[in-house]
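# A closer look at the structure
Below are the chains, spelled out letter by letter.
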Amino acid sequence: MRLFLFLRLEQKILRVAENIIVMGLISSVLGFFGFGFGIVVGLVIGYFLFIYVLPTDVKHPDIRPLAEQDTETLQKLLPEIPLWVKNPDFERLDWLNKMVELMWPYLDKAICKTAKGIIDPIIAEQIPQYKIESVDFLSFTLGTLPPTFPGMKVYITEEKELIMEPVIKWAANPNITVAVKAYGLKATAQVIDLQIFAAPRITLKPLVPTFPCFANIYVSLMEKPHVDFGLKLLGADAMSIPGLYRFVQEIVKDQVANMYLWPKTLEVQILDPSKAMKRPLGILNVTVVKAIKLRKKDFLGLSDPYVKLKIDNDKPSTKKTTVKHKNLNPEWNEEFSFVIKDPETQVLKFSVYDWEQVGSHEKMGENIVPLKDLTPDEPKVLTLDLLKNLKADDAHNEKSRGQLVLEVTYKAFNDEELANGADESNTVEKAPDGTPDGGGLLVVIVHEGQDLEGKHHTNPSVRMLFRGEERRTKVVKKNRDPRWEEEFQFVLVEPPVNDRIHVEVVSTSKRMGLRHPKEALGYVDIYLADVINNKRINERYHLIDSKNGRLQIELQWRTAS
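Residues numbered from 1 in each chain as written. Predicted model: local features only at pLDDT ≥ 70, side-chain atom pairs only at ≥ 80, totals over all residues. Heavy atoms only, no water.

Labelled according to an unreviewed UniProt entry, the protein chain appears under the name Synaptotagmin-1, originating from Capsicum baccatum. Taken directly from UniProt, the Subcellular location (unreviewed entry) text for the protein chain runs: "Membrane". Its UniProt record, at the heading Sequence similarities (unreviewed entry), says of the protein chain: "Belongs to the synaptotagmin family." (UniProt positions renumbered as here; feature names shortened; annotations may be inferred.)

Right under this line is the structure:
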C-alpha cells in the first residue's frame, strides 16, 4: 500500500516538473521577444476587471410599444411596414386578401370574360379607320397571382353613401396576347409581368332598400397609379429599347389620370335609382265629404265620429279628420293629400271611429279604395259602405253600418318630373303636381340615433309634432343605436319660415308589471327657416335631456319651381 502511494506521489512530481519545464521554455521564448512576466499579470488583472467592473457609459434600453415608434425607426425594424401600422385610419384586410386568393381562379375567368365583352365592340368600332383587318385575342388571362389589399380607409358621412379608399398592390403574371392583321401581315403583342399600385376612391351611392343596396358605383383615383408591364412584339421585348419603357409608362399614367384622377370619376350604374328607392309617382288628393246613417254607439243613441285615412304599405301616411260630436250624419269637407309611390299595388284605407273621452276609440267601420281603379287627373266621387272588416266572406259585413262619401283625384307625374326626381341623394326633388301655389312639400327623413339609453329599458322610437299633426316611427327593440330610415311628408300651403318641428325620442315597453312602460330619451326642436332657405339640411342633433344621445334627421323643402 505504501509502495502504491509512493508511486502516485512520484507521478505527480514528474507532472509538475514537466509543467515547470514547459512554462520555463515559453517564458524563455517570450522573454527573447520582449515579453516578460508582466504580460501574464496584465491578462489576469484585465480578465477580472472585465468580469467584475461594470461600465458607466452604458444606458438602459428604451423600451416602447411598436405603435409609438416613429416611421424611421419602424423602417429599420421592419423591411416593409404594413399600411395599417403607419396610418391608423387604414384597416387590415387580411380576410379580404384570403377571400380573393381562394376565389381568384374564378374571378380571373369572370373578369376576363367581362373585360373582353367590353373591349371587343370598341375594337370593332375603331379598327376600320386604321385599315386593320382584324384584332383577335389569342389568350386572355390575368395569371395565378391575385391582387392584395394592404389596407382600406372608410369615410363616414351623413349622406346615403359609403366611401372607401382601398390600397391595391398587384404584381401579376398575366398572359394577354393579341394578334393584329393588316395589309396581309400578322403581328402579335403580348403583355407580361404586370405591376399596378393604385389608391382608388370607391363611392357607393345612393344607398337604397333594394339588393345590392346601392344604385351607383363611382370610382376615382386619389393619385397617379404606378403601372409597370412588359410588352413583347414579334417575340422580342419591346420595353428593352432605350427610352421606350419610361415613355410608355408615363403615357399610361397620364392617360389614366386624365380620365379618373379625383374629382373625375368613372360611374357604373347598378340599379335605376327611381325604381330602387321607389320615388313618388303621383299624388292623391282626398276630400272627406260626409258620412250617412252611422250606427249609434253612445249611451244616448248618438256617436262622435271621425275618419282615419291611410295609404297601405306607407306607415307614416295616416291622417284623420276632426271629431263631429253627437252626429250620425256628419259633414266634414276636409281635404288631404298623399304621395303615391306604387299606384298599382297601394290602396287608400279609411276607418270611421267613435271618439271616446275615456278609453279606446271604437271602430265603426272601414273600407278601401284600390288606386289602380282610379283614372289619373279624373275627379271621382265615391259612396262606400262601411264594413266590419276587410274579409270578403265574413257574415258581419252584411249588416248596415252606414256609408262614407269621398272625392278622390289621382295626379300622376310626367316623365320630366320623374327624371328630376331620380337625382342623387344630395339633391332635392321638385314638389309634385297638386302642391298648393306658394306652398310646398316638407319632407322629414329620420335616419338613425346614437347613444340612446333609458333608465329602465331602451326600445326607442321617434315621435314628431308639427302643426297639430303627430307622426311616429317604428319601435326598435333593445337598441342604443337604432336605424329607422323612415320618411314623413307634410303638404303645406305656405313656407313654414317661422315654424319649428318638435322631435322626441321615447322608449316603450309592454312587459306586464313594469312601473315605467314609457320613458323619454330626449328631444330637440328644429326651426325650419334654414330648411326653407337652403332647400335641404342633413344634420346630427344632440338631444336635450339626454346624456350623450344624438339623432340624425334630414329635412327637405320641395316646391314646384
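Past the structure itself, the notes keep going.
Attention now goes to the overall build of the protein chain. What the protein chain contains, in helices and strands, is nine helices and 26 strands. For the protein chain, the residues scored as buried account for 37% of the 561 residues in total. (Helix = DSSP H or I, 4+ residues; strand = E, 2+ residues; numbered from the N terminus. Buried < 20%, exposed > 50% of the residue type's maximum accessible area, 1.4 Å probe, protein only.)

Attention now moves to helix α5 (residues 94-126). With 33 residues, α5 extends just 42 Å between its outermost C-alpha atoms, more than 12% less than the 48 Å of an ideal straight helix rising 1.5 Å per residue. Taking the largest bend as the criterion, α5 deviates by roughly 65 degrees, centred on W104, and proline P105 comes between one and four positions later. (Expected span 1.5 Å × (residues − 1). Bend = angle between axes of the 7 residues up to and from the residue.)

The next thing to look at is the packing of aromatic side chains. Per the counting criterion, the structure on display carries four aromatic pairs. Taken together, a centroid distance of 5.1 Å and an interplanar angle of 45 degrees make the contact between F137 and F140 tilted. With a relative accessible area of 21%, F140 lands in the partly exposed category. Residues F466 and F490 carry aromatic rings whose centres are separated by 5.2 Å and whose planes lie at 70 degrees to one another, so their mutual orientation is edge-to-face. Pair noted here: F466 is in strand β20 (residues 460-466) and F490 is in strand β22 (residues 483-492), with a separation of 24 residues, a long-range link. Take F466: its relative accessible area is 2%, and that puts it in the buried class. Taking relative accessible area as the criterion, F490 reaches 2% and is therefore assigned buried. (Phe/Tyr/Trp six-rings, centres within 6.5 Å; stacked < 30°, edge-to-face > 60°.)

Taken together, the four strands give an open sheet; going across it, the order is β21-β20-β23-β24, and neighbouring strands pair in antiparallel fashion. One side of each edge strand has no neighbouring strand; the edge strands of this open sheet are β21 (469-472) and β24 (518-527). Sheet twist, expressed as the mean angle between neighbouring strand axes with direction ignored, is 20 degrees. Pairing analysis gives four bridges linking β20 to β21, with the strands arranged antiparallel. Bridge pairing links F466 to E469 in β21. (Pairing = 2+ DSSP bridges. Axes fitted to C-alpha atoms, helices over the stretch in contact; angles between N-to-C directions.)

With that out of the way, let us pick up the confidence of the model for the protein chain. Overall, the prediction assigns the protein chain a mean pLDDT of 78, with 77% of residues at 70 or greater. Across residues 1-7, where pLDDT falls below 50, the model places zero contacts with residues more than four positions away in sequence or in other chains. The model gives residues 421-425 a pLDDT under 50, and that stretch makes 12 contacts with residues more than four places away or in other chains. (pLDDT = per-residue confidence, 0-100. Contact = heavy atoms within 4.5 Å.)

So, about the nonpolar core. Looking at soluble globular proteins, one finds that nonpolar side chains tend to be buried together. Ranked by internal contacts, the top residues of the largest apolar core, which has 28 residues, are L442, I501, V503 and L555. Sorting the residues of this core by element identifies β19 (440-450), β20, β22, β23 (500-508), β24, α9 (529-534), β25 (536-542) and β26 (550-558) as the ones contributing at least two each. Aside from chain neighbours lying at most four places away, what touches I501 is V444, M464, L465, F466, V524, D525, I526, L528 and L555. (Core = buried A, V, L, I, M, F, W, Y, C linked by side-chain atoms within 4.5 Å.)

Within the open sheet, the four strands sit side by side as β13-β12-β15-β16. Their pairing is antiparallel. The sheet terminates laterally at β13 (319-320) and β16 (362-370), the two strands that pair on one side only. Of the strand pairs in this sheet, strand β15 (residues 347-354) and β16 are connected by eight bridges, and their pairing is antiparallel. Counted as the bridge partner of K349 is I368 from β16.

This part is about unusual backbone geometry. In this structure, the amide linkage connecting K205 to the following residue, P206, adopts the cis form with an omega of -15 degrees. Mapped onto the fold, P206 is located in strand β6 (residues 200-207). Positioned with a positive phi, D377 is a non-glycine residue whose angle comes to about 65 degrees. Among the structural elements, D377 can be located in the loop between β16 and β17 (380-385). For K478, which is not glycine, the phi torsion reads 50 degrees and is therefore positive. If you trace the backbone, K478 turns up in the loop between β21 and β22. Here K478 falls in the exposed class, since its relative accessible area comes to 78%.

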